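# Descriptive analysis of the structure
Listed here are the chains, written in short residue letters.
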Amino acid sequence: MTQSTTGTADTHPLPPPKERRRLREAKSLSEEQVAAAVGVTRATVRAWETGRTRPRGRKREAYARLIGTGDAPSTPPAEGIKPDTPDKWSKDSAERAARPTASEPAEASEASEPSEPSWAVSAAGSSGGGSGSGAGTGPSPAEAFDALYRHTAAALFRQTYLLTGRRGLAREAVGKAFDLAWQRWPEVAADRDPVGWVRAAAYEHAVSPWHRLRRAHRRLDPPPEAPGPRALLDALLALPPSYRRTLLLHDGVGLGLPETAAETEASTPAAAGRLMTARAAVAEKLPELAKPSAPAEQSALLHERLGALALAQPAPSLPVPELIRSGSERKAQLWTRAAIGFIVLLIGLTLITLATAPRKYETPQSPAQKVSGVPPLGGPEKLTPQDKKLRKKFGKELVRGPARLVPEVG
């Protein structure tokens, strides 16, 4: 999470954020009017005037002309006014942030990523078919991925640590996020915010409820020894995951409220409610955070404390990007071979079944069973030898009795 400088910073210098607002109000311009003239949203203009983000490219030039500083000569900053410096979430961000941009950054990237590196916009533009002489000589996918990893992996590790309180889980979440990013690199390279894509994947893995079933991640890591950072970390981990993520994105990373709502898959009013509830819960345990009355001052103080807490952690021993890429490719090959093997097995079993199955279905004969409860066979009894002898005797003797009556015809 570093803030980048562009090639137009010296050509169109800007005053400090509070002075920008004063100059705008002196010209009787509202935030909506400035946003419509520059071509951004009102939230972006507000972020410029609170110091969370800085205008870049042609938007910086147009904004400078609107507030009356576009024609000012390039002069060093006055004494007592600090120039724009890289964010302290990453210690070595000053060198990487000095790379100039090749094209104008997107509006959403300006509003949501105050720490976006300039090269990320150039890499996305070249991969997505951007115009310019460098479009055909852009970095290869492996080089772009390695640059993205080296620039954001350490900062993402610190963010996910604040989100989980577990260094092992934070390291695993960052590795999984970049593993998934390399598998879907065409999608990530075409995205206008590659850092946000990877950050969302890392956060989703870090706050997954299934980690409760893993013995290695059931217990938290030892907290910081200092009482202040320990109290802040305890207050963060006491929040529900969705509130903790909203607070970290808005006050830690510096995203605007609409961008925070979009990344947490919530509506803007819901994200605002979560943010206010999270701030109140943290301020209840840390009274010094409740002293600022203005929400912007409280957000700035929280950003400073969260940055100090993140940088207090030891430097992560993350793997090199080559290992991430090779591991992702090896895993993809393994899953592909497993899928092909399963399909071949399924086809083989189907062929064997077709070869051995009968062509015509024959109803199987049910086996004989003893039937109980049937009454015995009735009817005349079997003749005995004496009965047979008597019947034979009667058949030979003449019938002695009246003659059979025969009807007369007449």
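### Quick look at the overall build of the chain
Check the secondary structure of the chain and you find 18 helices and 0 strands. Taken across its 410 residues, the chain has 37% of its residues classed as buried. Counting only contacts in the chain whose residues sit at least 6 apart along the sequence, the fraction spanning at least 24 positions is 73%. As presented, the chain carries roughly 25000 Å² of accessible surface, and 58% of it is formed by carbon and sulfur atoms.

### As for a nonpolar patch on the surface
On the surface, Phe342, Ile343, Leu346, Ile347, Leu351 and Leu354 cluster together into a nonpolar patch covering about 630 Å² of accessible area. Following the sequence through the fold, phenylalanine 342 ends up in helix H17 (residues 321-356).

### Remarks on the packing of helix H9 (residues 167-183) against helix H11 (residues 194-206)
At a minimum axis separation of 8 Å, H9 and H11 run at an interaxial angle of 135°. With respect to each other, H9 and H11 are oriented oblique. Crossing angle aside, the handedness with which H9 passes H11 is right-handed. Between H9 and H11, the residues in contact are Leu169, Glu172, Ala173, Lys176, Ala177, Phe178, Leu180 and Ala181 and Trp197, Val198, Ala201, Ala202, His205 and Ala206, respectively. Split into classes, the residues belonging to the contact of H9 with H11 amount to 11 nonpolar, 1 polar and 2 charged.

### Thoughts on the packing of helix H15 (residues 268-285) against helix H16 (residues 295-311)
Contact geometry of H15 with H16 gives a least axis separation of 12 Å together with a crossing angle of 65°. Judged by the inter-axis angle, H15 sits roughly perpendicular to H16. Taken as a pair, H15 and H16 cross one another with a handedness that is left-handed. Contacts from Arg279, Val282 and Ala283 in H15 reach Pro295, Gln298, Ser299 and Leu302 in H16. Grouping the constituent residues of the contact of H15 with H16 by class yields 4 nonpolar, 2 polar and 1 charged.

### Notes on the confidence of the model for the chain
The predicted model of the chain has a mean per-residue pLDDT of 76, with 76% of residues at 70 or higher. By mean pLDDT, helix H7 (residues 118-127) is the weakest element of the chain at 32, and H17 is the strongest at 92. Scored below 50 in pLDDT, residues 1-10 makes 41 contacts in the model with residues more than four places away or belonging to other chains. Segment residues 72-136 is flagged for pLDDT under 50; beyond a separation of four residues in sequence, or across chains, it makes 126 contacts in the model.

### Structural notes on the environment of alanine 261
Position of alanine 261 relative to the elements: it lies in helix H14 (residues 257-263). C-alpha of alanine 261 to C-alpha of arginine 274: the two residues are 13 residues apart in sequence and 9.9 Å apart in space. When residues no more than four places from it in sequence are discounted, the contact partners of alanine 261 are Ala266, Ser267, Thr268 and Ala271.

### Examining the nonpolar core
One finds Phe178, Trp185, Val198, Leu247 and Val282 to be the most contacted residues of the largest nonpolar core, which totals 49 residues. Not counting residues within four places of it along the chain, the set of residues in contact with leucine 247 comprises Leu236, Leu239, Gly252, Leu275, Ala278, Arg279, Val282 and Leu302. Counting 12 residues, the second largest nonpolar core, distinct from the first, contains Leu14, Leu23, Val34 and Val40.

### Here we look at the side chain of arginine 60
Relative to the elements of secondary structure, arginine 60 occurs in helix H4 (residues 58-67). Here arginine 60 falls in the buried class, since its relative accessible area comes to 5%. Side-chain polar atoms of arginine 60 contact the backbone oxygen of proline 55, separated by 3.2 Å.

### Things to note about the packing of aromatic side chains
Per the counting criterion, the structure on display carries 7 aromatic pairs. Summarising the aromatic geometry, the rings of tyrosine 149 and phenylalanine 178 are spaced 4.8 Å apart at their centres and angled 75° between planes, so their arrangement reads as edge-to-face. Placement of the pair is tyrosine 149 in helix H8 (residues 141-164) and phenylalanine 178 in helix H9, with a sequence separation of 29 residues. Of the residues examined, tyrosine 149 reaches a relative accessible area of 4% and is grouped as buried. Through a chain of ring-to-ring contacts, the aromatic side chains of Phe145, Tyr149, Phe178, Trp182 and Trp185 assemble into a single cluster. In this structure, arginine 325 is placed above the aromatic ring of tryptophan 182, and the distance from its NZ or CZ to the ring centre is 5.7 Å.

### Topic: the environment of glycine 256
Among the structural elements, glycine 256 can be located in the loop between helix H13 (241-253) and H14. For the pair glycine 256 and threonine 53, spaced 203 residues apart in the sequence, the C-alpha separation amounts to 9.3 Å.

### Looking at the pattern of salt bridges
Taken as a whole, this structure holds 14 salt bridges when the rule is applied. Glutamate 49 is the salt-bridge partner of arginine 24, the closest N and O atoms lying 2.5 Å from each other. Here glutamate 49 lies in helix H3 (residues 42-50) and arginine 24 lies in helix H1 (residues 17-26), a separation of 25 residues in the sequence. When its relative accessible area of 4% is taken as the criterion, arginine 24 is described as buried. The exposure class of glutamate 49 is buried, given its relative accessible area of 7%. Put simply, arginine 150 and glutamate 322 hold a salt bridge, and the shortest N to O gap is 3.4 Å. Residue arginine 150 is located in helix H8, and its partner glutamate 322 is located in helix H17; the two are separated by 172 residues in the primary sequence. Taking the relative accessible area as the measure of exposure, arginine 150 reaches 49% and is therefore partly exposed. Taken together, the shared-partner salt bridges connect Arg24, Glu31, Glu32, Arg42, Arg46 and Glu49 into one network.

Rules and cut-offs
Residues numbered from 1 in each chain as written. Predicted model: local features only at pLDDT ≥ 70, side-chain atom pairs only at ≥ 80, totals over all residues. Heavy atoms only, no water. Helix = DSSP H or I, 4+ residues; strand = E, 2+ residues; numbered from the N terminus. Buried < 20%, exposed > 50% of the residue type's maximum accessible area, 1.4 Å probe, protein only. Contact = heavy atoms within 4.5 Å. Areas by Shrake-Rupley, 256 points an atom, 1.4 Å probe, with all protein chains shown as cover. Patch = residues over 30% accessible without salt bridge, like charges linked within 9 Å, V, L, I, M, F, W, Y side chains within 5 Å. Salt bridge = Lys/Arg side-chain N within 4 Å of Asp/Glu carboxyl O. Axes fitted to C-alpha atoms, helices over the stretch in contact; angles between N-to-C directions. Parallel < 35°, antiparallel > 145°, perpendicular 65-115°, else oblique. Left-handed = near helix turned anticlockwise from the far one by under 90°. Nonpolar A, V, L, I, M, F, W, Y, C, P; charged D, E, K, R; others polar. pLDDT = per-residue confidence, 0-100. Core = buried A, V, L, I, M, F, W, Y, C linked by side-chain atoms within 4.5 Å. Polar contact = N/O pair within 3.5 Å; in protein donor to acceptor, adjacent residues only side chain to side chain. Phe/Tyr/Trp six-rings, centres within 6.5 Å; stacked < 30°, edge-to-face > 60°. Lys NZ or Arg CZ within 6 Å of the ring centre and 35° of its normal.

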